[in-house]
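# Results of the structural survey
Next come the chains, spelled out residue by residue.
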Amino acid sequence: MISARTMSRSAGLALLLAAGLLATHAAAGKLGMSGPPVPPPAPPVVQVSASDAGAQPLALGVSKSIVLDLPRDIKDVLVADPKIANAVVRSARRAYIIGGALGQTNVYFFDAQGQQIAGFDVAVTRDLNGIRQAIREALPDCDITVEGVGDAVVLSGTASSQAEAQQAYDMAVHLTNTGTAEAVDKGAKVVNAIVVRGNDEVMLKVTVAEVERDLVKQLGISLNGSLGYGTAVLNFNNDTPFSASGQPLSSSFITGGFKSVSATLKAMEQAGVIRTLAEPNLTAISGETATFLAGGEFPVLSGFSCSSNSGSTVATCQPSIEFKKFGVSLNFTPVVLSEGRISLKVLTEVSQLVATNALTISVQGTNATVPSIRVRRAETTVEIPSGGSLAMAGMIQNMTQQSINGLPGLAELPVLGPLFKSRDYINQQTELVVIVTPYVVHSVARKELSQPDDGFADASDPATILLGRFNRIYGVGGMPDPPDTYHGKYGFILD
């Protein structure tokens, strides 16, 4: 066991040895003997008295001021950029900060000991109190905040509709760009960050009704034969081309002849009615676009891609096909302006394939026919209330075609002229009406909706074969209603 006296002696010897080493090192330095270099002293730590980390944000308008009361006496003031903001010390503990120009700067206050009293990160923006007051008076139901960031104005908060948000934005743009000459020259930026409370959904009920009436009349006589006197012979062939329709309506005809002259009478009349009815219903969020198409697509030859094999001079061509849409289409964009009023942009189109003006292309023995499309299109933008209807009517088209072909001179005879001419008459009348009704709608429960096949069930084989029925029929016609003993749903088949 080591005693305390022994430990004290050891400590004393260690101190004497250290002192001897230091003395030897000093003597060696005086005698010019080399030794280990002495490290230089560490530089003192720099203390930051003021920085942005502890500065308080402060927003000022141009040519606006704020009064500060500080807890200690002011000895020194630091302003980073006096052009943007300036600090004026009124008394030992009161100072004024005045906004001079758009921008950002720092202001620090120090006491007599050099300690920071307060620091401010000053952002000088436009004076927005007038814009705030105007928006508050025009839109009292909206919670809109107007703030300035640099040379821009930021609108934030909530609005009840897209129209109110747009109105606030338009007011801010107008008041900002007419405030100062600098704003007018630079064109101040306004950022619209207003959130619309809830997205209204608009259902558009559209009825597209079209009636087309066609009337075609064809009457023609074809004469074929030859007439001669002596050595003079006259050969003639008068056919009926029906140039208005392009072809006869039917191949039936009456043929007769006298000696070397034969005559063929072709007469046909055709009348037809085409009715087109579509009632699409679409639902879209306010400001979004919805599209509907009831029809189809038909192939169109867009070109040929040809390639030649190695060692062959004949190129192989393959047709390129594109598909075009036709039918009843509808595009609409609703914007809910206020409670019950809707700004509606509607584009509706009715198209169908017709053989008129069709194009036939033949390449390397391959024939391709490109049909033409008859289009009726209407586009408009209106403002109507929810439940109101817009009728786009008056789209009437009346087209008449008539052609007469015959032999010159003989076709003009008063009585015998019809024997040497043919007549082709076409009359087409079309009327299109589009009725649009928008509704502001909300979601409903599934049980409140119905389907077209509700209550439908296939009939049994005996009922289909013997009675010609295609679906089951419940109840007997002409019989009185059963007594009201059951309260609930009946007449439906629930699987």
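These numbers come from a predicted model, not from an experiment.

### Focus: the overall build of the chain
What the chain contains, in helices and strands, is five helices and 21 strands. Taken over 495 residues, the chain has a buried fraction of 26%. Across the chain, the fraction of contacts at a sequence separation of at least 24, relative to all contacts at a separation of at least 6, is 64%. For the chain, the accessible surface area stands at approximately 33,100 Å², while carbon and sulfur atoms represent 56% of it.

### Observations regarding the side chain of Glu349
Note that Glu349 resides in strand S18 (residues 341-363). Judged by relative accessible area, which is 18%, Glu349 ranks as buried. At a separation of 2.7 Å, a polar atom in the side chain of Glu349 contacts the side chain of Arg377. Leave out the neighbours within four places in its chain, and Glu349 touches Gly327, Val328, Ser329, Val375, Arg376 and Arg377.

### A few points about the nonpolar core
Counting 20 residues, the largest nonpolar core has Val208, Phe332 and Val436 as its most contacted members. Where this core is concerned, the elements lending two or more residues are strand S11 (201-229), strand S15 (281-285), strand S17 (315-338), S18, strand S19 (366-385), strand S20 (390-406) and strand S21 (421-441). Every residue in contact with Val436, bar those within four places of it in the chain, is listed here: Leu204, Lys205, Val206, Leu344, Val346, Gly388, Ser389, Leu390 and Met392. In terms of nonpolar packing, the next biggest core, distinct from the first, is built from 18 residues, Val107, Phe109, Ile117 and Ala118 among them.

### Section: the sheet that holds strand S2 (residues 65-69)
If you walk across this open sheet you meet the three strands as S2-S5-S4, and the pairing is antiparallel. Both edges of this open sheet fall to S2 and strand S4 (85-89), since each of them pairs with a single strand only. The mean inter-strand angle of the sheet, taken between neighbouring strand axes irrespective of direction, is 20°. Bridging between S4 and strand S5 (residues 94-99) involves five bridges; their strand directions are antiparallel. Considered in S5, the bridge of Ala85 is made with Gly99.

### A short note on the environment of Ala80
Note that Ala80 resides in the loop between strand S3 (76-79) and S4. Classification of Ala80 by relative accessible area gives exposed; the value is 57%. Note: C-alpha distance between Ala80 and Asn106 (26 residues apart in sequence) is 5.4 Å. If we ignore the near neighbours within four places in the chain, the residues touching Ala80 are Thr105 and Asn106.

### Describing the sheet that holds strand S8 (residues 143-149)
Strand order across the open sheet formed by three strands is S8-S9-S10, with mixed pairing between neighbours. Because the sheet does not close on itself, it has two edges, and the strands there are S8 and strand S10 (189-196). Across the sheet, the mean angle separating the axes of adjacent strands is 15° when strand polarity is ignored. Pairing of strand S9 (residues 152-159) with S10, which is carried by eight bridges, proceeds in the parallel orientation. Of the residues in S10, the one forming a bridge with Ala152 is Lys189.

### Considering the pairing of strand S6 (residues 103-110)
Burial within S6 is extensive, with six of its eight residues counted as buried. The sheet contact formed by S3 and S6 spans four bridges and is antiparallel. Bridge pairing in S6 places Asp76 opposite Phe110. Connecting S6 to the antiparallel partner strand S7 (residues 116-125) that follows it, the hairpin turn spans five residues, and Gly114 within it adopts a positive phi of roughly 80°.

### Description of a nonpolar patch on the surface
Taken together, Leu353, Ile373 and Val375 make up a surface patch of nonpolar side chains, about 210 Å² in accessible area. Summarising the element assignment, Leu353 is placed in strand S18. Judged by relative accessible area, which is 39%, Leu353 ranks as partly exposed.

Conventions we followed
Residues numbered from 1 in each chain as written. Predicted model: local features only at pLDDT ≥ 70, side-chain atom pairs only at ≥ 80, totals over all residues. Heavy atoms only, no water. Helix = DSSP H or I, 4+ residues; strand = E, 2+ residues; numbered from the N terminus. Buried < 20%, exposed > 50% of the residue type's maximum accessible area, 1.4 Å probe, protein only. Contact = heavy atoms within 4.5 Å. Areas by Shrake-Rupley, 256 points an atom, 1.4 Å probe, with all protein chains shown as cover. Polar contact = N/O pair within 3.5 Å; in protein donor to acceptor, adjacent residues only side chain to side chain. Core = buried A, V, L, I, M, F, W, Y, C linked by side-chain atoms within 4.5 Å. Pairing = 2+ DSSP bridges. Axes fitted to C-alpha atoms, helices over the stretch in contact; angles between N-to-C directions. Patch = residues over 30% accessible without salt bridge, like charges linked within 9 Å, V, L, I, M, F, W, Y side chains within 5 Å. Salt bridge = Lys/Arg side-chain N within 4 Å of Asp/Glu carboxyl O.

In short, shape yes, function no, at least from these values alone.
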